[in-house]
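Observations on the model geometry
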Amino acid sequence: MIKIGRNIRSELKYKEEVEFSRKNDFDLIQVWYDRNGFEVNCDEDFKIEFIKSCNYPIIIHAMLDINELEEHAHKLLKAAKLLNNKDLIIHPICESEMIDSNTVMKLSNEIGKLVKAFKKNGITLHLENNSKRMPIFSNIKDIKTILEKNTDLEILIDLAHVEDYSELKEMVKIRRPRILHIADRRFSVTHEHLPIGEGELDYRYIFKEILPDFDGTIILEIVEDDKSIIDSKTKILDVLEC
């Protein structure tokens, strides 16, 4: 059964985002984490405990530099266990060094350590593909290399990061995703996340021809306003129900 979640808006109070999600029947919310910790707008000092107290399903999205992964591994594992999460998203970036073939292997090795540690605790890691703006884990060659070396690693495909449908087809051949990030985009723009229907992605084609019978989790990465989020969810549900 497909679950539909959404990325919270960090400028709004966390409790307000939870209530909006509950009112509009979202199955979960995505909470961002980076080198500074959780991006949760609340007055509490202990954000993990506060998130847990709100009693709403979440998934952690950790955007970390390749050279920050080891430092934050234990913190993320502790948080995931406290929140009873069985899945965790790593969005890899590399701003601390030049990106080349050695960097790709370094990412593969660092992610491999995390995959093993998290698997021992019953947690699956999902590595998110980047757009060409951040050229690591963004092209088919690198994605194939890392996934073949880490057989227990899942790929999270951000459909707004994919260059074209042929690239998406190749990604799905390497490993079918269990989680998708969804937004719209124009193919002439390297990186953007628009409400569904405001770009050029044909989601009917994607779900009927490239990802038929998708039965995982969809996370809307749309933050413009309430109406855009609700309308985007409705449009995706219409596509899935056809």
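Structure's up top.
Below is a short write-up of the structure. Keep in mind it's a predicted model, so treat the numbers as computed, not measured.

1. Considering the nonpolar core
Of all hydrophobic cores here, the largest spans 74 residues; its most connected members are Y14, I90 and I182. In contact with I90, not counting residues within four places along its chain, are A62, L69, L76, I111, L114, L125, H126, L127 and E128. Core analysis: the second largest hydrophobic core is formed by six residues, L28, I59, I179 and I219 among them.

2. Brief notes about the pairing of strand β4 (residues 58–65)
Of all eight residues in β4, seven are buried, a share of seventy percent or more. Pairing of strand β2 (residues 28–34) with β4 involves five bridges; the strand directions are parallel. Within β4, the residue paired with V31 across the bridge is I60. The sheet contact formed by β4 and strand β5 (residues 87–93) spans six bridges and is parallel. Its bridge partner lying in β5, D65 is registered against I93. At this point the chain moves from β4, through helix α3 (residues 69–82), to the parallel β5, and the crossover so formed is right-handed.

3. Thoughts on the packing of α3 against helix α4 (residues 101–120)
Here α3 crosses α4 at 20 degrees, and the two axes come no closer than 11 Å. As judged from the angle between their axes, α3 and α4 are roughly parallel. Between α3 and α4 lies a crossing whose hand is right-handed. Between α3, through L69, E70, A73, L76 and L77, and α4, the contact on the second element is made entirely by L107, E110, I111, L114, A117 and F118. Residue composition of the contact of α3 with α4, by class: nine nonpolar, no polar and two charged.

4. Quick look at the packing of aromatic side chains
The description of two aromatic rings rests on the distance between their centres and on the angle between their planes. Summed over all chains, the structure comprises six aromatic pairs. Geometrically, the ring pair formed by F207 and F214 is tilted, given 6.2 Å between the ring centres and 55 degrees between the ring planes. What makes F207 buried here is its relative accessible area of 5%. For R6, the ring lying beneath its charged end belongs to F26, and the centroid distance is 6.0 Å. It is K233 that lies over the ring of F26; its NZ or CZ is 4.7 Å from the centre.

5. What to know about the pattern of salt bridges
This model, assessed by the stated rule, comprises 15 salt bridges. The salt bridge partner of K13 is D43, with a shortest N-O separation of 3.1 Å. With K13 in the loop between β1 (3–7) and α1 (14–23) and D43 in the loop between β3 (37–38) and α2 (47–53), the pair connects residues that are 30 residues apart, well separated along the chain. Owing to a relative accessible area of 33%, K13 belongs among the partly exposed residues under this scheme. For R186, the salt bridge identified is with E192, shortest N-O distance 2.6 Å.

Conventions used here
Residues numbered from 1 in each chain as written. Predicted model: local features only at pLDDT ≥ 70, side-chain atom pairs only at ≥ 80, totals over all residues. Heavy atoms only, no water. Core = buried A, V, L, I, M, F, W, Y, C linked by side-chain atoms within 4.5 Å. Buried < 20%, exposed > 50% of the residue type's maximum accessible area, 1.4 Å probe, protein only. Contact = heavy atoms within 4.5 Å. Helix = DSSP H or I, 4+ residues; strand = E, 2+ residues; numbered from the N terminus. Pairing = 2+ DSSP bridges. Right-handed = clockwise from strand over helix to strand, strands pointing away. Axes fitted to C-alpha atoms, helices over the stretch in contact; angles between N-to-C directions. Parallel < 35°, antiparallel > 145°, perpendicular 65-115°, else oblique. Left-handed = near helix turned anticlockwise from the far one by under 90°. Nonpolar A, V, L, I, M, F, W, Y, C, P; charged D, E, K, R; others polar. Phe/Tyr/Trp six-rings, centres within 6.5 Å; stacked < 30°, edge-to-face > 60°. Lys NZ or Arg CZ within 6 Å of the ring centre and 35° of its normal. Salt bridge = Lys/Arg side-chain N within 4 Å of Asp/Glu carboxyl O.

The values reported here are purely geometric and, on their own, carry no functional implication.
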